[in-house]
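Structural overview for review
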Amino acid sequence: MTPLRQRMLEDMQIRNLSPHTQASYVQQVSQFARHFGKSPVELGPADIRTYQVYLTNEKKLAASSILIAISAIRFLYKVTLKTDWPLEEVIPTCKKPQKLPTILSPEEVAQFLGCVQSIKHRAILTACYAAGLRVSEAVRLKPTRIDRQRMVIRVEQGKGQKDRYVMLSPKLLDTLRSYWRDVRPKDWLFPGDHPGQPITTSAVEAACQVALRLSGITKPVTPHSLRHAFAVHLLESGTDVRTIQLLLGHRSLATTARYLRIATSKVCSTSSPLDLLPRPIAVIPKLAAPEHY
């Protein structure tokens with residue numbers, strides 16, 4: 001490990017960045033250095049601009065992927081190398097398209113969950129929908145975090161390293177009880193193939209795709225789709241946005257408010273002004289008087 005990589009890792013650890021973010025940043029900086037065959041210390045603003053053009057035009061990466069690379073390079077030069085560059089000008093960010101997720105209807109959610117074959121996978125995906133969990137949060141649940149007395153689930157160290165409580169649905173509790181009787185998990189509620197480790201998110205995503213094919217649903221479905229459906233269905237049933245924000249663990253209310261653009265009861269059920277126009281009155285044209293010759 002080079003001294004520069006070691007220092008960057010220490011800088012990220014000091015700021016308590018998640019292990020996933022640390023690994024991603026190190027990978028992006030390594031790819032940046034390998035592209036030029038030089039240490040980042042020897043590279044400057046012109047090289048960074050050339051690399052951004054390369055990512056956009058030659059590699060044709062999505063905006064989200066380019067943003068990860070930019071964030072990693074910015075961290076390197078701002079925090080670790082402590083350059084005095086105006087980073088907003090030297091390393092500009094690209095505009096990320098604002099896309100709305102495809103939402104499953106309640107009937108489609110029931111149809112999808114009914115096609116999940118494994119009782120463990122069904123329990124995990126049901127939890128993602130019933131409590132609005134990210135798949136990374138669902139796989140790391142522990143039996144002791146299911147509070148049957150208060151009917152809540154404690155989500156520990158979710159995205160942004162934040163704890164929160166979410167509701168424990170009676171139907172989800174029944175599903176978990178059936179699963180518990182069959183599996184009897186110990187350390188992790190959903191253990192994986194390796195002893196002492198939880199199930200991986202990739203295994204849940206693979207089970208999700210199998211269930212999608214069996215269900216015949218034509219919409220794209222991932223475990224995160226169930227979290228989106230949770231938010232929209234709550235909104236359509238009358239739950240206020242602030243409560244949904246707390247349940248989802250969003251830092252900004254603006255992130256949660258985007259579901260207002262999807263909820264049919266809030267937007268699409270609004271009457272079109274065309275339907276409010278009065279019924280047109282038929283006008284009988286007057287016949288022109290005959291010309292006399």
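Here the structure is shown first, and the text comes after it.
What comes next concerns the included structure. Since the model is a prediction, treat every value here as computed from it, not as a measurement. (Residues numbered from 1 in each chain as written. Predicted model: local features only at pLDDT ≥ 70, side-chain atom pairs only at ≥ 80, totals over all residues. Heavy atoms only, no water.)

This part is about the state of the cysteines. Within the structure shown, the criterion is met by zero disulfides. For C128, which is in no disulfide, the shortest distance to another cysteine sulfur is to C208 and amounts to 8.8 Å. Since its relative accessible area comes to 0%, C128 is described here as buried. (Disulfide = S-S within 2.5 Å. Buried < 20%, exposed > 50% of the residue type's maximum accessible area, 1.4 Å probe, protein only.)

Our focus in this paragraph is unusual backbone geometry. Outside of glycine, negative phi angles account for most residues, and trans bonds account for most peptide bonds. Although it is not a glycine, K60 adopts a positive phi angle of roughly 55°. With respect to the element layout, K60 can be found in the loop between α3 (45-58) and α4 (63-80). Within the chain, R184 stands out as a residue other than glycine whose phi angle is a positive 55°. Within the secondary structure, R184 sits in the loop between α9 (170-183) and α10 (201-215). By relative accessible area, which is 52% here, R184 ends up exposed. (Helix = DSSP H or I, 4+ residues; strand = E, 2+ residues; numbered from the N terminus.)

As a further point, take the sheet that holds strand β2 (residues 152-155). Read from one edge to the other, the open sheet built from three strands follows the order β1-β2-β3, with strand pairing classed as antiparallel. Every interior strand has two partners, whereas the edge strands, β1 (146-147) and β3 (164-167), have only one. Pairing of β1 with β2 involves two bridges; the strand directions are antiparallel. Counterpart to D147 in the pairing with β2 is V152. (Pairing = 2+ DSSP bridges.)

This part takes up the environment of R261. Examined against the element boundaries, R261 turns out to sit in the loop between α13 (253-257) and α14 (264-268). For R261, a relative accessible area of 47% gives the class partly exposed. The sequence separation of R261 and V232 amounts to 29 residues, and the corresponding C-alpha distance is 9.6 Å.

Within the fold, R181 resides in helix α9. Look at R181 and you get exposed, because its relative accessible area is 54%.

Turning to the side chain of S215, a few remarks are in order. By the secondary structure assignment, S215 is in helix α10. Classification of S215 as buried rests on a relative accessible area of 8%. A distance of 2.8 Å separates a polar side-chain atom of S215 from the backbone oxygen of L212. Of note is the side chain of S215, whose polar atom sits 3.3 Å from the backbone nitrogen of I217. Apart from residues lying up to four places away in sequence, S215 is in contact with Q111, F112 and C115. (Polar contact = N/O pair within 3.5 Å; in protein donor to acceptor, adjacent residues only side chain to side chain. Contact = heavy atoms within 4.5 Å.)

Grouped together as the largest cluster of nonpolar side chains are 50 residues, with contacts concentrated most on F112, L133, I153, L176 and F190. If we skip the residues at most four places from it in the chain, L176 touches A123, I146, L168, L189 and F190. One finds V26, I66, L87 and I91 within the second-largest nonpolar core, a separate group that totals 24 residues. (Core = buried A, V, L, I, M, F, W, Y, C linked by side-chain atoms within 4.5 Å.)

Count of turn residues in the β1/β2 antiparallel hairpin: four residues, of which M151 carries a positive phi of about 60°. Where β2 and β3 come together, four bridges link them in antiparallel fashion. Within β3, the position partnered with V155 by the bridge is R164.

What follows is about helix α2 (residues 19-36). The terminal C-alpha atoms of α2 lie 27 Å apart, and with 18 residues this matches the ideal 26 Å at 1.5 Å per residue to within 8%. Within the sequence span of α2, burial applies to Q22, S24, Y25, V26, Q28, V29, S30, F32 and A33. Considering only its buried residues, α2 is in contact with α1 (3-14), α3 and α4. Two residues or fewer after α2 comes G37, characterised by a positive phi angle close to 70°. (Expected span 1.5 Å × (residues − 1).)

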